[in-house]
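This is what each chain is made of:
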Amino acid sequence: MGKLAVGALRAVLVVVLAGTVFVQVLMVWALATDPEDGSLPLTPLRVITILGMLSAQVALVCVGRLVAMVRRGTVFSHAAFRYVDAVIGAIVAASLLWFAVTALNAPGQRADPGVTVIMGGVGVAILGVALIVLVLRMLLAQAVARDVEAAHMQAELNEVI
């Protein structure tokens, strides 16, 4: 991965992470200072939004750590698996949160149930992204196994020489 690509990806990750933290801070400030009259400060959609941003932040931090490992040349190691697993977990959590939004929105869509079906399809698509990352994790596992095998063979070759 080139230096330009790594730098650009890191910049995007920082901007998105800062943006989600900024929105969370504004939401907490709005809830603490000006709750709507007669309503609960934490409605289900607000909780889901906060948790959704948290899952995105987990994924962003883990991708940032993986990019740092790529830059150092240590991504093909067992240490990378915990970050990839965390990304998969964050994507699955985001999908489940989207299904919760779909369920909360469904009663208001009785006249047009197609919206609920489309929203359900988006949730399935998010799960599909988790499956893609799982396949990429399997490829990483194969690469790590090959790297370990190559190191072992190199050590044997060094002993012979």
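Residues numbered from 1 in each chain as written. Predicted model: local features only at pLDDT ≥ 70, side-chain atom pairs only at ≥ 80, totals over all residues. Heavy atoms only, no water.

1. As for the packing of helix α1 (residues 3-33) against helix α2 (residues 44-72)
As a packed pair, α1 and α2 sit with axes 10 Å apart at the nearest point and diverge in direction by 155°. Here α1 lies roughly antiparallel to α2, going by the angle between them. Crossing of α1 over α2 shows left-handed handedness. Taken together, the residues of α2 that come into contact with α1 (itself represented by Val6, Leu9, Arg10, Leu13, Val16, Leu17, Thr20, Val21, Val23, Gln24, Met27 and Leu31) are Arg46, Thr49, Ile50, Met53, Leu54, Gln57, Leu60, Val61, Val63, Gly64, Val67 and Arg71. Taken together, the residues of the contact of α1 with α2 sort by class into 16 nonpolar, five polar and three charged. (Axes fitted to C-alpha atoms, helices over the stretch in contact; angles between N-to-C directions. Helix = DSSP H or I, 4+ residues; strand = E, 2+ residues; numbered from the N terminus. Parallel < 35°, antiparallel > 145°, perpendicular 65-115°, else oblique. Left-handed = near helix turned anticlockwise from the far one by under 90°. Contact = heavy atoms within 4.5 Å. Nonpolar A, V, L, I, M, F, W, Y, C, P; charged D, E, K, R; others polar.)

2. Points about the packing of α2 against helix α3 (residues 79-105)
At a closest axis distance of 9 Å, the pairing of α2 and α3 adopts a crossing angle of 160°. The orientation of α2 relative to α3 falls into the category roughly antiparallel. The two elements α2 and α3 cross, and the hand of that crossing is left-handed.

3. Observations regarding the layout of surface pockets
Rolled over the atoms, a probe with the dimensions of a water molecule shows which regions are left empty. The space that makes up the largest pocket amounts to roughly 560 Å³. Lining the largest pocket we find 23 residues, and of these Val63, Leu66, Val84, Val133 and Leu136 sit closest to its centre. Secondary structure elements with two or more residues in the lining of the largest pocket: α2, α3 and α4 (114-160). Here the lining of the largest pocket takes nine residues from α2, the largest share from any one element. Looking at the lining of the largest pocket, its residues break down into 20 nonpolar, two polar and one charged. Empty space within the second largest pocket amounts to approximately 160 Å³. Together, Arg10, Leu13, Val14, Leu17, Leu60, Val61, Gly64, Arg65 and Ala68 line the second largest pocket. Looking at the lining of the second largest pocket residue by residue, the classes come out as six nonpolar, one polar and two charged. (1 Å grid on protein atoms, 1.4 Å probe; cavity = no way out; pocket = protein on both sides within 12 Å on 5 of 7 lines; lining within 4 Å. Points joined across faces, edges and corners; volume = space filled by probe spheres on them.)

4. A word on the pattern of salt bridges
Applying the stated criterion to the full structure yields one salt bridge. One salt bridge connects Asp85 with Arg137, and the closest N-O pair in it is separated by 2.5 Å. Taken together, the positions of Asp85 in helix α3 and Arg137 in helix α4 put the pair 52 residues apart, joining distant regions of the chain. With relative accessibility at 23%, the residue Arg137 sits in the partly exposed group. (Salt bridge = Lys/Arg side-chain N within 4 Å of Asp/Glu carboxyl O. Buried < 20%, exposed > 50% of the residue type's maximum accessible area, 1.4 Å probe, protein only.)

5. Observations regarding α1
Helix length check: α1 (31 residues) gives 44 Å between terminal C-alpha atoms against 45 Å at 1.5 Å per residue, within 8%. Taken together, the buried positions of α1 are Val6, Leu13, Thr20, Gln24, Met27 and Leu31. Contacts made by the buried residues of α1 are with α2. (Expected span 1.5 Å × (residues − 1).)

6. Considering α2
Taking 1.5 Å per residue, 29 residues should reach 42 Å; α2 reaches 42 Å between its end C-alpha atoms and fits that length. Three or more residues of α2 are buried, namely Ile48, Met53, Ser55, Gln57, Ala59, Leu60, Cys62, Leu66, Val67, Ala68 and Met69. Residues of α2 that are buried in the fold lie against α1 and α3.

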